[in-house]
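# Fold and contact review
Now for the letters of each chain:
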Amino acid sequence: MCGRYATTTDPGRLAAELDAIDETPTADNGGSANYNVAPTTQVLTVVERHEHGHPDDDPKLRVRRMRWGLIPVWTKAAEPGVPVKGKPLFNARADKAATTPSFRDAVKYRRCLVPMDGWYEWLVEPDTGAKGKVAKHPYFMANADGSRLYMAGLWSVWRDRSQQQGEPLLSCTVLTTDAVGELTRIHDRMPLPMPEENWAAWLDPDHPAPATLLETPSAESVAGIVARPVSSLVNSVRNNGPELLAPLDSRGGTEQAGQISLL
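Keep in mind the model is a prediction, meaning the values are calculated, not measured.

Conventions adopted
- Residues numbered from 1 in each chain as written.
- Predicted model: local features only at pLDDT ≥ 70, side-chain atom pairs only at ≥ 80, totals over all residues.
- Heavy atoms only, no water.
- 1 Å grid on protein atoms, 1.4 Å probe; cavity = no way out; pocket = protein on both sides within 12 Å on 5 of 7 lines; lining within 4 Å.
- Points joined across faces, edges and corners; volume = space filled by probe spheres on them.
- Helix = DSSP H or I, 4+ residues; strand = E, 2+ residues; numbered from the N terminus.
- Nonpolar A, V, L, I, M, F, W, Y, C, P; charged D, E, K, R; others polar.
- Buried < 20%, exposed > 50% of the residue type's maximum accessible area, 1.4 Å probe, protein only.
- Arc of directions from axis to C-beta.
- Contact = heavy atoms within 4.5 Å.
- Polar contact = N/O pair within 3.5 Å; in protein donor to acceptor, adjacent residues only side chain to side chain.
- Core = buried A, V, L, I, M, F, W, Y, C linked by side-chain atoms within 4.5 Å.
- Phe/Tyr/Trp six-rings, centres within 6.5 Å; stacked < 30°, edge-to-face > 60°.

Summed over the entire model, instances satisfying the criterion amount to two cavities of 30 Å³ or more. Counted as a void, the largest cavity has a volume near 60 Å³. In this structure, the largest cavity is lined by Leu70, Pro72, Val73, Trp74, Pro101, Ser102, Asp105, Ala106, Arg110, Trp155 and Ser156. Looking at the lining of the largest cavity, the elements that each hand over two or more residues are α2 (104-109) and β12 (149-158). The residue inventory of the lining of the largest cavity, partitioned by class, reads seven nonpolar, two polar and two charged. Here the second largest cavity defines a volume of roughly 40 Å³.

Next comes the structure, spelled out in structure tokens:
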């Protein structure tokens, strides 16, 4: 699964790197780093869409903010403009999304990329200090070379059907698959990476994506992703800073700027 991740890019820089249109609010640029992204947060996504009202024009990459936790289009409104609260659909199984009512339309028509520096997962082990209990140790999974990851996602456009006007609510989910390679040591699930050579097919707004793109990747294709233990500070969403990414040393402290700081 993927329930927490980190992203340090801002939408303007991301759009420039991808030659995409930045459709996020102007005030969104600068200071957008989030080291502890949690469900229901507004997150960066990349989609490919036609210009509104011009379906014959070439589609273009667009950077958008969306709520992390997909809201199906058929969700009822709890009050004007506000969808009924339910379990946040922040993950979707890649092997079942095409047949799951909450996600099947998005698989056909609304696929996206979710950029991230890496994601957190918790290794569950027996607690040696308490019989019958378990200990959860946080790890951060990221490319060893520090390059950005792009995960396969789905998105939705929700509107209150009782209102004639009002801004639509965009929301997304991250697809997950079986963990492979060394990552299986931490957890049996992981987000589904989408390599750049598959972006065109994955984001194509006019055609379904090949089913092969939803398959579990090979261990070789994710060999560049490494897992490192990090501080338990990440356990609370109230903590949000670069110290969350600092690797733990052998004594349980964090290594920062050549110094060891015990927690």
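Having seen the structure, we can now continue with the description.
Pro11, Leu14, Ala15 and Leu18 are the residues of helix α1 (residues 11-18) that are buried. Looking straight down α1, one finds its buried side chains confined to an arc of 100 degrees; they lie on one side. Looking at the buried side of α1, the elements it contacts are β2 (21-22), β4 (42-49), β5 (60-68), β9 (111-116), β12 and α3 (199-203). Here α1 starts with a cap whose side-chain oxygen sits 3.0 Å from the backbone nitrogen of Gly12, and that cap is Asp10. Of the residues one or two after α1, Asp19 is the one with positive phi, at around 55 degrees.

Before going further, it helps to examine the nonpolar core. Membership of the largest hydrophobic core comes to 29 residues, with the highest contact counts inside it found for Tyr5, Trp68, Met116, Trp119 and Trp155. Among the elements of the structure, β4, β5, β9, β10 (118-126), β11 (134-143), β12 and β13 (169-178) are those that each provide at least two residues to this core. Take this core: its biggest share by element is four residues, from β12. Core analysis: the second largest hydrophobic core is formed by 28 residues, Val46, Val107, Leu192 and Ala209 among them.

This part takes up the side chain of Arg62. Mapped onto the fold, Arg62 is located in strand β5. Judged by its relative accessible area of 3%, Arg62 is buried. Within the structure, Arg62 has its side chain in polar contact with the side chain of Glu23 (distance 2.7 Å). Within the structure, the side chain of Arg62 is placed 3.2 Å from the backbone oxygen of Arg49, a separation counted as a polar contact. If near-sequence neighbours (up to four positions away) are discounted, Arg62 is found in contact with Ala20, Ile21, Glu23, Thr45, Val46, Val47, Arg49, His50 and Glu51.

Tallying each qualifying case throughout the model produces four aromatic pairs. Ring geometry for Trp68 and Phe90: centres 5.7 Å apart, planes at 75 degrees, overall edge-to-face. Of this pair, Trp68 sits in strand β5 while Phe90 sits in the loop between β7 (82-83) and β8 (91-93), and the two are 22 residues apart along the sequence. Judged by its relative accessible area of 19%, Phe90 falls in the buried class. Measuring from ring centre to ring centre gives 5.0 Å for Tyr120 and Phe140, while their planes differ by 50 degrees; the resulting arrangement is tilted. Residue Tyr120 is located in strand β10, and its partner Phe140 is located in strand β11; the two are separated by 20 residues in the primary sequence. You'll find Tyr120 and Phe140 in the same group, each marked buried.

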